[in-house]
Amino acid sequence: AEARSMESLEKQLICPICLEMFTKPVVILPCQHNLCRKCANDVFQASNPLWQSRGSSAVPSGGRFRCPSCRHEVVLDRHGVYGLQRNLLVENIIDIYKQESARPLHTKAEQHLMCEEHEDERINIYCLRCEVPTCSLCKVFGAHKDCEVAPLPAVYQRQKSELSDGIAMLVAGNDRIQAIITQMEEICHTIEENGRRQKQHLGLRFDTLCSILEERKKELLQSIAQEQEAKVQRVRGLIRQYGDHLEASSKLVESAIHAMEEPQMAVYLQHSRELLKKITDMSKVSMSSRPEPGYENMDHFSINVDYVAEMLRTIEFQTGA
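Residues numbered from 1 in each chain as written. Predicted model: local features only at pLDDT ≥ 70, side-chain atom pairs only at ≥ 80, totals over all residues. Heavy atoms only, no water.

(A) View of the pairing of strand 4 (residues 73-76). Residues of strand 4 alternate between two faces, with Val-74 and Leu-76 buried on one and Glu-73 and Val-75 left unburied on the opposite face. Summarising the sheet, strand 3 (residues 63-66) and strand 4 pair through 4 bridges and their orientation is antiparallel. Within strand 4, the residue paired with Arg-64 across the bridge is Val-75. Counting the residues that bridge the hairpin from strand 3 to strand 4 gives 6 residues, and of these Arg-71 lies at a positive phi of roughly 65 degrees. (Buried < 20%, exposed > 50% of the residue type's maximum accessible area, 1.4 Å probe, protein only. Helix = DSSP H or I, 4+ residues; strand = E, 2+ residues; numbered from the N terminus. Pairing = 2+ DSSP bridges.)

If you want it as structure tokens, here you go:
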């Protein structure tokens, strides 16, 4: 079962281009699929043969290619694939996988834990009431004689299956969080671009006016900057919130993966209940806060420069398009 779990994990870490395990750095496409950066660059170069490579004296333009997994069109800026975000979560999982794969599944025969009260008795059953492993004599004569018990292997397999499901749930949740973070990073970029564009338009308008407009010009530019800063700060605050949750969830995934490798059933069961509770609590954390649609829009910072001189001191941004 342990070997099958590792094999299943390995299948999720295969690059669709080179059909090998992802190599650092792994890049995440807008469609949320992953590629080795080298493979992504090869596909990009093949689709854009005239694109200037990094370091060229000419200013490179952007380009596009299709994701090999879903055929989604990926549009890149002048930085090419080097402008894509790295998927640090996948890289960390690959590192953990390689470390675990380098170790033999069982370096020695499984050693049975012995009962502390009955030193010659192996721990071979599980008390369902007390939720602890115990031995047969404890059930017959000892502290668990009135408790309901079950075979240790059955409880071991059931709880290990629950933990495996919990890991899958967390990984899926992490993917969704990563997608949300990427989307909000794009919102920040759009807000900044819209803010810069509106300030440029405003500056060009004011450059044609006389000195009486300078004071008002500064006030309007300040309004744009304040709203831009307020919006960016709000979104970046949400990004930090999601990032903290993602980091905590990733650490919990790492702990769960290590727990899955524990060969001794009793040792595993001593810690599995607490780990499952942490996973359940983590999965219940709400991650629904995000900017409302159109939050990044800055088009309301527009003015009409055809006012007469007597009205210059009352210029305001237009609220309409």
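(B) Main features of the side chain of Gln-228. Here Gln-228 shows up in helix 6 (residues 214-260). Apart from residues lying up to four places away in sequence, Gln-228 is in contact with Ile-191, Glu-192, Gly-195, Arg-196, Lys-199 and Met-298. (Contact = heavy atoms within 4.5 Å.)

(C) Examining the sheet that holds strand 5 (residues 85-86) more closely. As summarised here, the arrangement of the 3 strands in space is 2-1-5, forming an open sheet in which the pairing is antiparallel. Either end of the sheet is taken by a strand with one partner, and the two such strands are strand 2 (34-36) and strand 5. Contacts from helix 2 (residues 37-47) reach strand 1 (26-28), strand 2 and strand 5, with the element oriented near 90 degrees to strand 2. (Axes fitted to C-alpha atoms, helices over the stretch in contact; angles between N-to-C directions.)

(D) Representation of the packing of aromatic side chains. Counted by the stated rule, this structure contains 2 aromatic pairs. When the ring of Phe-44 is compared with that of Phe-65, the centres are 6.2 Å apart and the planes differ by 65 degrees; the resulting orientation is edge-to-face. Of the two residues, Phe-44 is situated in helix 2 and Phe-65 in strand 3; the sequence distance between them amounts to 21 residues. Here the two residues Phe-44 and Phe-65 agree in accessibility, since each one is buried. An angle of 75 degrees between the planes, with centres 5.6 Å apart, marks the rings of Tyr-156 and Tyr-268 as edge-to-face. Taken together, the residues Tyr-156 in helix 5 (residues 152-206) and Tyr-268 in helix 7 (residues 265-284) connect sequence positions 112 residues apart. For the pair Tyr-156 and Tyr-268, a shared accessibility class is recorded, and that class is buried. (Phe/Tyr/Trp six-rings, centres within 6.5 Å; stacked < 30°, edge-to-face > 60°.)

(E) Summary view of the packing of helix 6 against helix 7. Here helix 6 crosses helix 7 at 155 degrees, and the two axes come no closer than 11 Å. By the angle class used here, helix 6 and helix 7 are roughly antiparallel. In the crossing of helix 6 with helix 7, the sense of the turn from one axis to the other is left-handed. The residues of helix 7 that touch helix 6, namely those facing His-245, Ala-248, Ser-249, Leu-252, Ser-255, Ala-256 and Ala-259, are Tyr-268, Leu-275, Lys-278, Ile-279 and Met-282. A class-by-class count of the residues in the contact of helix 6 with helix 7 yields 8 nonpolar, 3 polar and 1 charged. (Parallel < 35°, antiparallel > 145°, perpendicular 65-115°, else oblique. Left-handed = near helix turned anticlockwise from the far one by under 90°. Nonpolar A, V, L, I, M, F, W, Y, C, P; charged D, E, K, R; others polar.)

(F) Summary view of the confidence of the model for the chain. Of the residues in the chain, 85% have a pLDDT of 70 or more, and the chain-wide mean is 80. The model gives residues 54-59 a pLDDT under 50, and that stretch makes 2 contacts with residues more than four places away or in other chains. Confidence over residues 105-110 falls short of pLDDT 50; this stretch has 7 contacts with residues more than four positions distant or in other chains. (pLDDT = per-residue confidence, 0-100.)

(G) Focus on helix 7. The terminal C-alpha atoms of helix 7 lie 28 Å apart, and with 20 residues this matches the ideal 28 Å at 1.5 Å per residue to within 8%. At Ser-272, helix 7 shows its largest kink, close to 40 degrees. Burial in helix 7 covers these residues: Met-265, Ala-266, Tyr-268, Leu-269, Ser-272, Leu-275, Leu-276, Ile-279 and Met-282. Elements in contact with the buried residues of helix 7: strand 6 (125-127), strand 7 (132-134), helix 5 and helix 6. (Expected span 1.5 Å × (residues − 1). Bend = angle between axes of the 7 residues up to and from the residue.)

(H) Geometry of the side chain of His-245. Along the chain, His-245 turns up in helix 6. On the basis of relative accessibility, which here comes to 11%, the residue His-245 falls in the buried class. In contact with His-245, not counting residues within four places along its chain, are Ile-177, Met-282, Val-285 and Met-287.

(I) Molecular detail of the sheet that holds strand 8 (residues 149-151). Sheet architecture is open: 3 strands sit in the order 7-6-8, paired in antiparallel fashion. Each edge of the sheet is formed by a strand with only one pairing partner; in this case those strands are strand 7 and strand 8. Pairs of neighbouring strands in the sheet enclose a mean axial angle of 35 degrees, with direction left out of account. Along the sheet face, helix 5 touches strand 6, strand 7 and strand 8 and points at about 85 degrees away from the line of strand 8.

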